[in-house]
Each structure stands twice: as structure tokens, then as C-alpha cells.
Amino acid sequence: MPTPTPCPTPQPPSPSPLRSSLTLGLMFSAALGLAACGGGSGGGTDTVGSPPTANEPAPPSPAPAPTPTPEDPVLEPAPSPAPAPMPSGDQPGVPAPPPSQQLPTGFDLSKPGVAVNPVTATSSAVEGGNSAALAIDGSMTTRWSSAQEDAAWIQFDFGAKTPLGYLKLSWENAYGKEYAIQGSDDGVTWYQIRYVIGGKGGNEEFFNLNANVRYLRLQGVARGTQYGYSLYEVSFMSPGSDNSLPVLATSAVLFPANGAALAAPPAAQAPLETVQFTLADGTLVTRFGMVGRSRHARERGEDWNEIGYGVNDTVDANGKPQDKGPGAHLNFVANYFKNRTWGVEFIDNSKVVGVTKPTIVVNQYYQEAQRGGGHSFFRRFDDPGVTGYGWMSPGDLLDDTTYTDGFKDLTSCPVIAKPPQNALAKPTSGYNGVIGANDGCSVVLDNVPGHSDIAANANGVMVPNGVNVPSRALKVGDAIEFTGSFFSSRAAMDAVGDSGAYRYYTNEVTYVVGSGLRPWYGIQPRLMNAPLPAEALQGGIGSISYDYADNATFMFQQPNNQIGMQNMQRFVEGRRWIHTNMWTGDHTEAGNDRNEAAVRLQGPRFNQSTCFGCHINNGRSLAPSALNQRLDTMAVRTATLDGNGNQLPHPTYGLNVQMNGRSLSTGLPQDWGTSVRVAGFDTKTVTLADGTAVELSKPRVAFDGPTPSVYSLRSAQPMIGMGLLEAITDAEILSRVRSTPDEDGVKGVANFVYDPETKAVRVGRYGWKAAKVSLRHQAAAAALQDMSVTSPVYPNRDCLAGPANCTTAKVEPGISEDALQLLTRYLGLLGVPAQRSQASGFPKGVMPLSYLDVNPTQVAAGAQLFASTRCVACHTAEIKTGGLSELAENRNQTIKPYTDMLLHDMGPDLADNLVEGQATGSLWRTSALWGVGYTEKVAGTAGKVGYLHDSRARTLTEAILWHGGEATKSRQRFEALSKDDREAMLVFLNSL
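Residues numbered from 1 in each chain as written. Predicted model: local features only at pLDDT ≥ 70, side-chain atom pairs only at ≥ 80, totals over all residues. Heavy atoms only, no water.

Asks: Explain the packing of helix H9 (residues 856-868) against helix H13 (residues 979-991) residue by residue, including any values.
Replies: Running from N to C, H9 and H13 cross one another at 100°; their axes reach a closest spacing of 7 Å. Here H9 is positioned roughly perpendicular relative to H13, judged by the angle of their axes. Here Gln858, Val859, Gly862, Ala863, Leu865 and Phe866 of H9 come into contact with H13, specifically with Asp981, Glu983, Ala984, Met985, Val987, Phe988, Leu989 and Ser991. Of the residues belonging to the contact of H9 with H13, the class tally is nine nonpolar, three polar and two charged. (Axes fitted to C-alpha atoms, helices over the stretch in contact; angles between N-to-C directions. Helix = DSSP H or I, 4+ residues; strand = E, 2+ residues; numbered from the N terminus. Parallel < 35°, antiparallel > 145°, perpendicular 65-115°, else oblique. Contact = heavy atoms within 4.5 Å. Nonpolar A, V, L, I, M, F, W, Y, C, P; charged D, E, K, R; others polar.)

Laid out in C-alpha cells, this is it:
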């Protein structure tokens, strides 16, 4: 990241004349020095009033870096998740033990295990005299030490077949980072009992070995240090009640036979928070939330400037693209959930009868005292020196002293209570004659500022041509870029008990006069903001604007564009829970306070400790891609069949395998033999009509423990837009059900599910089989099944074995009702990125960000092909949400999720044998496609992600080619496309 240019030391503004009876003064550029100056050596100019009239300026010479002031925001670069540990990939495959080398059925586990001692130990070459026998001599002062080779091994002979339940490795500092634990009856043919990736050394424990072997071997794959492997001691115990998993008493999860008893829709209710309303006289009031940001929306990791007007780091000296890393606009500042959100209110009289010169009154509602003047309007598009930031007007602050007091380190804008729903705080009085204004910290905007007319120079750069465009009154339809700022003080933050930073930038939004907030994109000149057209708004008017900060890993973590001022606080508090480790309470991102309410909520066996562990950056989980890879970022649903063929949760795993473990007393990791791993890949090749050969690959899995007769590998799905999907009415979903297949064989059925709390029959909406009825249901089920955390929906861990003991008769500590609501509302408020179907106006010579380098013609052609191949028969392009959601942001929105929310038969190649209600093995809910083009960008450096329910598809082409059943004819049409048409369709999908 380049060092950002700090804000210049602000100076008091010059007095200015009144412009109307509504205004008290015009803030000059110094106000913006406080409110919205920012980084990037490309520079930004914040000016108001008459623009310069000189001809095209000469390229500016670099200015000396000013001395930082105490008010400068802290640059908090976007965090980058460390890649997950992966196997080396070059080790040979070793099969799982056959039944003859596992514990016999009915083995007595009623008593604790006892020590088991090997007869002898042997190994590959050793270092010095540190022989294998020293690893079993009972002394922690002697050790086995191998030669310095990754493939070194040590094995133990028990003299005869011996049941084993527990193994402990006590490493010296030279430990194994990757190794296998194998068993054998003859010392020649080996079977894999466990496989360790990312070993940490120290004491490593392995429970529930389920082994009945004569020989056990540790086979090294990769050393953790430059030295050999070194073990002080290796100890074993027989299977027993203290080291083996119990047999669960399971009960069947019940589903309704059909939707005959479907519950009536909920009664209409007032939304949690109103985000827009109209007063009796036609005044439009729009309210939205802000959160602190580290940098501006157009500051990417590379400085950029027009040709001849400053540094352009986006290309090197030879014009080749450069990438110095992301910007820091979409990531979240330290303790973002603590005192760092606020509300903004726009009072717009542009549609009031008789108003010819509209005004917009802006009020802000902070949680702590602020300095005045933290507003900026209109992009400074006429200045070729403006790149990452820069605005024309700060508006008219109604009391200039609230700004000048800032030079005395005074925060003269007090905390004001949030206004009532559907009414103004000051509907008749206002401030100093400005109706609706709360106080002197309010701002009035009534004009589009005067500015320089611009024309292209010899390089094609739009520069001032010596003509002034005079200021004019606002009119309906004007697009105004607005940014605020968080400009408090040390004293004010201390007063609310917050020792963190007190100066932040914030979101940059576009307000359309007479309409409200609209998602925006950057056009020429210099990425000037413009509202995105309706066809690009996949998530309705709450869609997420284009990202010019190169923060694509955070695109699935943004709030709805029109999020309410109070809902923003709910959103960030919910985000905190998504990022909280449910054992330690720590946040996944550095610099954030521990969530004490989450400490030790997690049970002893789990998949991940945070929601983020599976939903990488709120997106998909890691895909199976390497032999012996553990699949703990995915879910493996498990079941068994009783004597009557009825499906029950598995007696070892319950509803879902939980692959990781820890000691509840020490917190140290434990391996309980519940991992599911990649055992290999089955491949086949499909040849398209133009001769292109595509290899399809499907993972095979192996269980460290018993292999269930019924199981289903499930990838985590992106979290975006879930609140919008919940807002679709049951009637809208059911209207798309076909009683008979269409001409392509497409039918579509709904799943029906019992609400786990009310037992009412409801339409299934979430999960690969549409077996969850609501966001609350989905969040609570994921907390239990993936993180071993209980909730008011699932009060104890016995719920993992089915509903029989899932009652409040036993309540284990878990997330509270308040926390579950925060999680649910966070999911409900997550926005959907706008479709990248519009060409951005990147300046001359500036390399476009790859995911914004768009060919609109090709995207449009691909959309037509997507429709003509009839992919839209299941991936419905457009749906309208209902008006019953508790979140006003999700009501009555026209959205483009590309799903009909129904189950479709996808054929035998995609089938498994797990049944959930109406969803038999080959029936899958149509996945929403919005955001699919961001899949790899969102994953970032975390690792490889994939598509389809088990992430088998490495590309979208592969995903399409796996489609069968009802999708067969659409797939065949895709196979028959020309290369150009196929590419256009993929470009379209990647624009979503």
C-alpha cells in the first residue's frame, strides 16, 4: 500500500455572504480538509464557488508531504486471510482400514481405556543414537530423532492384533507438519487411520482410533523444521469410555408429506425501521446508516492519475498492469461495531407543489459528539488532478461556529436522539428558519455548484477549456454524490468509554433528487458517479455499488445500499458475531475487542469456530482439490436407515459430521477420528460441439470413522441476498410450481418443512435441499451443526441426534436470543452486488480493475443466450419481493437472483442418497446466481473454491456440464454453442 497523503492542517473559513434566507454561510475548502480529504499521491481537490478560468493547467509538480495532524484517519489495510493448510498433494493414496482392522461390532466401551505398550519400535534412519526404542521407554528426557528427510517413519509392533483407542505424540521442537498414521497386520500392507495437515508439535492427541492392528506407523510427509522428526514419547491406550465416541440415540427428523397444512402468511406489521417516507406536503424523507471507513471509495492500492497529471501506478514503465494490493474502503475499521455508526437524514422538498428551487436539508445522528462540517457533495469531476477523492461542495452549514470550534478541539455538535418513525424530529420549528433542520450542525444543499466546462486535450484527457458553467438550482433527477465523515475528538470518545480512533471516512453514496439513494458506478470523466440502470440492480435499489477500491474480497460483506440508520448498528453487531470465535470470543480481524458473551460457547466437537470459517469472506467454502484434504469448511450430512428403510441421524455423527475437537478443560486440539477427507477424484471428459474437451472431476471422500450408509457433501453457499429471498412470498414461490413438466422436462416442486419452533408447515427456502424455512432457522441450524453452539431454537447438543431430546428440558449455554436476532438481521441486511454490465469510465492510461473491465455488448449477448438456452426455466431472472419483511430495505424490491427457489431433479450424476422432505437424492434447490462472478475474487488468498453442492466444478463451464435431469436440454444447447457464443454466456455469468 502506498503511504496516504495526510489531510492538510485546516484553516478557518473566510466569511461568505448569505445566498438565501435558508442558508447561513458557505463552507470553503478548509471544511473539506476536515470532512473528506484523503490519501493517494494522485491528490484530491475540494473546492467550492467559482472554478478557475485558466486554460489547461500544466502537469503539477509533486508537493512535499504535509505533516500529519492528530485528526488524520488511521489507514487500516484490508486484512487478507491466511490460506488454509493443505496437503502437499504428492503423497500416494492409502486406503482406509478394512473392517478386519477396525474394532469388532459390540466391542465393550463401558470402561476407561488402559495403557497399551508396544513390544518393539523400529524406524527409518536416525540421527546419532536416538533410536526408535527411546520413543517408548517411558522417559521424557530421551527421544527418537530421525534423519533429516521428509519421508522418515517410525513404527510400533504390539506382537499381535491389538485394539487401540488412543494415541499421544509428545514432540520435541522438531515436529511433523504433515504425516500419516497407518495400521497394518503384516507390516507390509498399510491402511490410513489418520492424516495430519498443519501439525503444530507439542502434545498431539488422537482419540477414537477404532483400530485393531498389530502394527502402527507414523509416516512422515513434511517436517515442521529444518531438522528431522523428533519424538520424546509415544503412548497408547485401549478403546474405552474416555477415548471413544458414544453411540447416539437418534430420532428421525420429520417433514410434512405435502403443503396441505401450509401456515398462513404472517400479518402485516410495521417495519423494524422506516428508510423512506413522504410527508403530507410531498416532502421526501430518506434515512440511511453510515459506518466508519479507513479510506475513500476510489482509492485503490495503486495511485492513479490521468495521463500527464500525476503518478499512475496501475501500469509499469512498459504499460503493463500492476497490482500493489487492495485499497481500504470496503473493509471494516477496528471496533466498527462500537460507537462507529451513525444515521443520515435527507429532507427533500423537490416534489412539493410550488417549489421551483428545491433544497435538501441534511441531518446526522451520531452516537457521540462531533465537529461540524463533515459533509461533502458532488464529485470534483472537472479537475484532472482529482483521482481518489475530491468534492465540489460542502453544502451550507447552518452554524459556522460548529466548524470553527473544531480548531479549538471542540466537538460542538451534540448527540441528538434518533427521530421518530415516519416523522421529522422538528417538523414545524427547525433551526433558524430552516424547517426540519435539527440544529446548527445541519446542512442545506440547494444548488449544483459552478464548475469548469471541460473538453478533451491532445491525450484525450478531459480538462478545463476556459469556460465556466454557472451554479444552478437543484432539479428532480439530479444525481448527487454524498459522503460524510466521523470527526469526533479524543475527549468525546473518552466520554463514551471508547479509547479507539476518532476520525474516519465513510461510505460514498449517490442520492437522486426526488427519488432517494441509488447504487452508482463511475463514468467519464474520472469515475464521476452516476446511478446504475435498473437492469443492473440484482438486489433492487439496495444493490452494492461498483467497487473502485479493489476490495473485491469484501464485496459479499456490505450492507444493503439503503440500510436504515439504526439497522446499520444492528448490521455491524451481527457482523461481529459472524466473525467471533465461539470458543475464545476473539474476532477474526485484528484490533477488535473480544466478544465476552461468546467465550466457551462451543462444544467439544465442531467443524469451525466461526461462521467465517466455512463461508470464506461470506462466500463459498473451500473446494475439494487435493488428496487427503480435510473437508471441514464444508458440511457432511449423515444418516443411516432403520429396519424399515426410514432415514435416521447417524449413531456416531448425528445429523452432521463435526470434524474438529478440543479439550473443554485445556482448550487444546484433539483429533476424535471424525474427519472426512478427499480420497480421490473420478474424472470424465466431455467434448463440446466445436471440439473443445472439458474434463469433469468429482471428489470421492473417505471417513476417518465409520462410513455412513447415507451421506451428502455440502458446500457453504454465499450469504448475500438472503433477506431478499426471505421476503419473497410463499405464494410467489408456489406460483412457479409446475404440476406437469414443460417441453424441456422442467417441473419444479416446493419443499415443505416444519418450523422447528412453532411446528407450523412452511415453504422451505434455504440450504441445498430447501430444508430451512427462515433465516432464523438457517442461522440456528448452522450454529449447532457446524460450530456446536446452541441457541433458543436448538437448546442442547442432543438436537444433533434428532428431535426426540431437542427440548428445553435440557438447556446448554449458547447464543442468546439477542445474539440470534443480530445474526439473523445481519444476514437479512447483506446487500447483493450490482451486475457489472456497465462500462466504467476509467481515466486515460489507467488500467481498469479486472472485474470492472466490462464489454456491455458481450454481456448483453450472453444474457440473451442464457435465456434462449432456457437456463431461466429454473434460474428465474426476475422476482419481486413482498411487503411483509420486518426489514423495510427488503420490501417490494424487484430483484434478479436467478433462482425460482424450487427443487429440481438434476439427474443421477449430481444425486446422493440423503432425503430431506420432498427433496430426494437427485432433487436440489435452484442456486441463486447473483454474485457468482465474484466467486474467486471473494475467496482471495484463502484457497480454491468451487461450484455445485459439493464444489466439484472448478469452473462455470464444468458446473453447466454436470447438469442433468430437468436441465439436460439446456445443457445440450450450451454444448452446441459456438466458442464465441459460449464465451459470451460465460461473460454474462461472470458479470453477475
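Asks: Before we move on, can you summarise the packing of aromatic side chains with the specific residues and values?
Replies: To describe a pair of aromatic rings, you give the distance between the ring centres and the angle between the ring planes. This structure, assessed with the given rule, holds 30 aromatic pairs. For the ring pair Phe703 and Tyr711, a centre distance of 5.1 Å and an interplane angle of 70° mean the geometry is edge-to-face. Given a relative accessible area of 6%, Phe703 falls into the buried group. These aromatic residues form a ring-pair network of at least three members: Phe288, Phe346, Phe377, Phe482 and Tyr511. (Phe/Tyr/Trp six-rings, centres within 6.5 Å; stacked < 30°, edge-to-face > 60°. Buried < 20%, exposed > 50% of the residue type's maximum accessible area, 1.4 Å probe, protein only.)

Asks: Please give an account of the environment of Met847 that cites residues and values.
Replies: One can find Met847 in the loop between helix H8 (817-829) and H9. Judged by its relative accessible area of 24%, Met847 falls in the partly exposed class. Along the sequence, Met847 and Lys320 sit 527 residues apart, while their C-alpha atoms lie 8.6 Å from each other.

Asks: Pulling in residues and values, what's your account of the sheet that holds strand E29 (residues 635-641)?
Replies: With antiparallel pairing, the three strands of this open sheet are ordered in space as E30-E29-E35. If you trace the sheet from one side to the other, it starts and ends with strand E30 (647-649) and strand E35 (710-714), each paired once. Ignoring which end each strand starts from, the neighbouring axes of this sheet average 35° apart. As paired strands, E29 and E30 are joined by three bridges and run antiparallel to one another. Along E30, the bridge assignment pairs Ala639 with Pro649. (Pairing = 2+ DSSP bridges.)

Asks: Describe the sheet that holds strand E11 (residues 341-348), naming the residues involved and giving the relevant values.
Replies: Strand order in the open sheet formed by six strands is E9-E10-E11-E12-E16-E15, and the pairing between neighbours is antiparallel. Of all the strands in the sheet, the pair left with one neighbour each is strand E9 (276-278) and strand E15 (396-397). Inspection of the sheet shows strand E12 (residues 360-365) paired to strand E16 (residues 443-445) by three bridges, in the antiparallel sense. Paired with Val361 across the strands is Val444, a residue of E16.

Asks: Could you give me a rundown of the side chain of Asp786, with the residues and numbers involved?
Replies: Within the secondary structure, Asp786 is located in helix H7 (residues 775-787). For Asp786, the contacting residues outside a window of four places in its chain are Phe606, Asn607, Gln608, Ala635, Asn656, Gln658 and Ala781.

Asks: How would you sum up unusual backbone geometry? Please name residues and give values.
Replies: A cis amide bond links Gln524 with the next residue in sequence, Pro525, at an omega value of 5°. Along the chain, the position of Pro525 falls in the loop between strand E26 (520-523) and strand E27 (528-531). A positive phi angle is found at Asn335, which is not glycine, with a value near 55°. Position of Asn335 among the secondary structure elements: in the loop between strand E10 (284-291) and E11. Backbone geometry at Tyr898 places phi at a positive 60°, although glycine is not the residue there. If you trace the backbone, Tyr898 turns up in the loop between strand E39 (894-895) and strand E40 (903-905).

Asks: Could you give me a rundown of the state of the cysteines, with the residues and numbers involved?
Replies: All told, the structure shown has two disulfides when counted by the stated rule. One disulfide bridge connects Cys413 with Cys441, the sulfur atoms lying 2.0 Å from each other. In this structure the cystine formed by Cys413 and Cys441 twists about its S-S bond by roughly -105°; its chirality is therefore left-handed. Residue Cys413 is located in the loop between helix H2 (401-404) and E16, and its partner Cys441 is located in the loop between H2 and E16; the two are separated by 28 residues in the primary sequence. Each of the two residues, Cys413 as well as Cys441, counts as buried. A sulfur-sulfur separation of 2.0 Å characterises the disulfide bridge that pairs Cys799 with Cys806. Where Cys799 bonds to Cys806 through sulfur, the torsion about that S-S bond is close to 85°, and the disulfide is right-handed. By relative accessible area, which is 4% here, Cys799 ends up buried. (Disulfide = S-S within 2.5 Å.)

Asks: A description of the pattern of salt bridges should follow, citing residues and the corresponding values.
Replies: Inspection of the entire model under this criterion finds 45 salt bridges. Notably, a salt bridge pairs Lys324 with Asp313, separated by 3.4 Å at the nearest N-O pair. Of this pair, Lys324 sits in the loop between E10 and E11 while Asp313 sits in the loop between E10 and E11, and the two are 11 residues apart along the sequence. For Asp313, a relative accessible area of 13% puts it in the buried group. Among the ionic pairs, Lys896 bridges to Glu878, the shortest N-O distance being 3.5 Å. Residue Lys896 is located in the loop between E39 and E40, and its partner Glu878 is located in the loop between H9 and strand E38 (879-880); the two are separated by 18 residues in the primary sequence. (Salt bridge = Lys/Arg side-chain N within 4 Å of Asp/Glu carboxyl O.)

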